[in-house]
Structures are given as structure tokens and as C-alpha cells.
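Residue-level listing of the chains:
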Amino acid sequence: MNITVQSIKFNADQKLIEFIKKRSEKLNQFLDNIIEGACYLRLENVDDEANKVVELKFNVPGNQLFAKAQAKTFEEATDVAIESIRRQINKHKTKTRTNASNHKEILNQEEEF
């Protein structure tokens, strides 16, 4: 899987980029046909300490998964966003399996006639 990391209006540290890529690669355990991914890092102008925003977007066949997380550190926000994407992958897999099994049942019913 190819993932691009973009930091908006600041330069991201190489350690942070490697951290994000490493965590994103773990998603391949749950779904092996992820086409590509994009990560956007931003700093919000708020008084709160939790001003780091991570947005993740992954393209899978037939769908696009998106997650946004805000936290005190980019690493923490990345973990939250990756967990959200993981849940979306599980939902996507369940949905596609259900559709495939329903399609097989419909075909079997048509063959009986």
C-alpha cells in the first residue's frame, strides 16, 4: 500500500512520517486490498492544547474510508484515526460478505425455477 503524508503549513519530522506509515501498514492485516492512502497533518488555531489534527483517507475497491482525529500530539491523533479506519474496514468487510452471500442465494433461487 502506498501512503502519502502531507503536513499543511509546517514541516513534519521524519520520525513522525515513519510513525504514521508504520501504523498505516498494520491496516493490511485487516484488509489486504487497500489501494492507496493519504494523511494530512494540520495545526488548529485554538486555545486548547489538543490542536493537532490528523486526517486519514484510504481507497479500497468500491469505497473510500475517511477518519479525522484531534489530540495533544500527532501520534495520539494518528492512533485514534487508525482505530476508526480499522472499525470502518470491519464494517466494510461485513457488508461486502453479506452482499456476496445474498447474491449467491438469489442465484440459487433462480436456478430452482
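Look a little higher up for the structure.
Because the structure is predicted, anything quoted here is derived from the model rather than measured. (Residues numbered from 1 in each chain as written. Predicted model: local features only at pLDDT ≥ 70, side-chain atom pairs only at ≥ 80, totals over all residues. Heavy atoms only, no water.)

J.: Please explain helix H1 (residues 14-25) as it appears in this structure.
T.: Since the α-helix turns once every 3.6 residues, residues separated by three or four places project in the same direction. Taking 1.5 Å of rise per residue, the 12 residues of H1 would be expected to cover 16 Å, and the 17 Å separating its terminal C-alpha atoms lies within 8% of that figure. Buried within H1 we find Leu16, Ile17, Phe19, Ile20 and Ser24. The arc that holds every buried residue of H1, seen down its axis, measures 160 degrees, which confines them to one face. Turned more than 90 degrees from where H1 packs its buried face, Lys15 and Lys22 sit exposed. (Helix = DSSP H or I, 4+ residues; strand = E, 2+ residues; numbered from the N terminus. Expected span 1.5 Å × (residues − 1). Buried < 20%, exposed > 50% of the residue type's maximum accessible area, 1.4 Å probe, protein only. Arc of directions from axis to C-beta.)

J.: For this particular structure, what's the right way to read the nonpolar core?
T.: One recurring pattern in soluble globular proteins: nonpolar side chains tend to sit buried together. Grouped together as the largest cluster of nonpolar side chains are 23 residues, with contacts concentrated most on Leu56 and Ile85. The dominant element in this core, judged by the number of residues it contributes, is helix H2 (residues 74-112), at six residues. Excluding its chain neighbours within four sequence positions, the residues that come into contact with isoleucine 85 are Leu27, Leu56, Phe58, Leu65, Phe66 and Ala67. (Core = buried A, V, L, I, M, F, W, Y, C linked by side-chain atoms within 4.5 Å. Contact = heavy atoms within 4.5 Å.)

J.: Would you mind showing me how to read unusual backbone geometry here?
T.: With the exception of glycine, the majority of residues adopt a negative phi angle, and the majority of peptide bonds are in the trans configuration. The residue lysine 9 is not glycine, and still its phi comes out positive at about 65 degrees. Along the polypeptide, lysine 9 turns up in the loop between strand S1 (2-7) and H1. Note on lysine 9: relative accessible area 85%, which makes it exposed.

J.: Please explain the pattern of salt bridges as it appears in this structure.
T.: When the charged atoms of two side chains with opposite charge come close together, those side chains can pair. Here the structure, examined in full by the defined rule, presents seven salt bridges. Note that arginine 42 is salt-bridged to glutamate 55, the shortest N-O span being 2.8 Å. Placement of the pair is arginine 42 in strand S2 (residues 36-43) and glutamate 55 in strand S3 (residues 52-60), with a sequence separation of 13 residues. Given a relative accessible area of 15%, glutamate 55 falls into the buried group. Salt bridges sharing partners connect three or more residues here, namely Arg42, Glu44, Glu55 and Lys68. (Salt bridge = Lys/Arg side-chain N within 4 Å of Asp/Glu carboxyl O.)

J.: Looking at this structure, how should I read the environment of isoleucine 35?
T.: Assignment of secondary structure puts isoleucine 35 in the loop between H1 and S2. Under the relative-accessibility criterion, isoleucine 35 is labelled exposed at 52%. With sequence-adjacent residues up to four places away left out, isoleucine 35 is seen in contact with Asn2, Asn59, Val60 and Pro61.

J.: Help me understand the packing of aromatic side chains, please; the structure alone is not making it clear to me.
T.: Where two aromatic rings form a pair, the distance of their centres and the angle of their planes describe that pair. Within this structure, the stated rule accounts for one aromatic pair. Here the aromatic rings of phenylalanine 10 and phenylalanine 74 are separated by 5.5 Å at their centres, their planes lie at 15 degrees, and the arrangement is stacked. Note that phenylalanine 10 is positioned in the loop between S1 and H1 and phenylalanine 74 in helix H2, a separation of 64 residues in sequence. Positioned above the aromatic ring of phenylalanine 30, the side-chain terminus of arginine 86 is 5.6 Å from the ring centre. (Phe/Tyr/Trp six-rings, centres within 6.5 Å; stacked < 30°, edge-to-face > 60°. Lys NZ or Arg CZ within 6 Å of the ring centre and 35° of its normal.)

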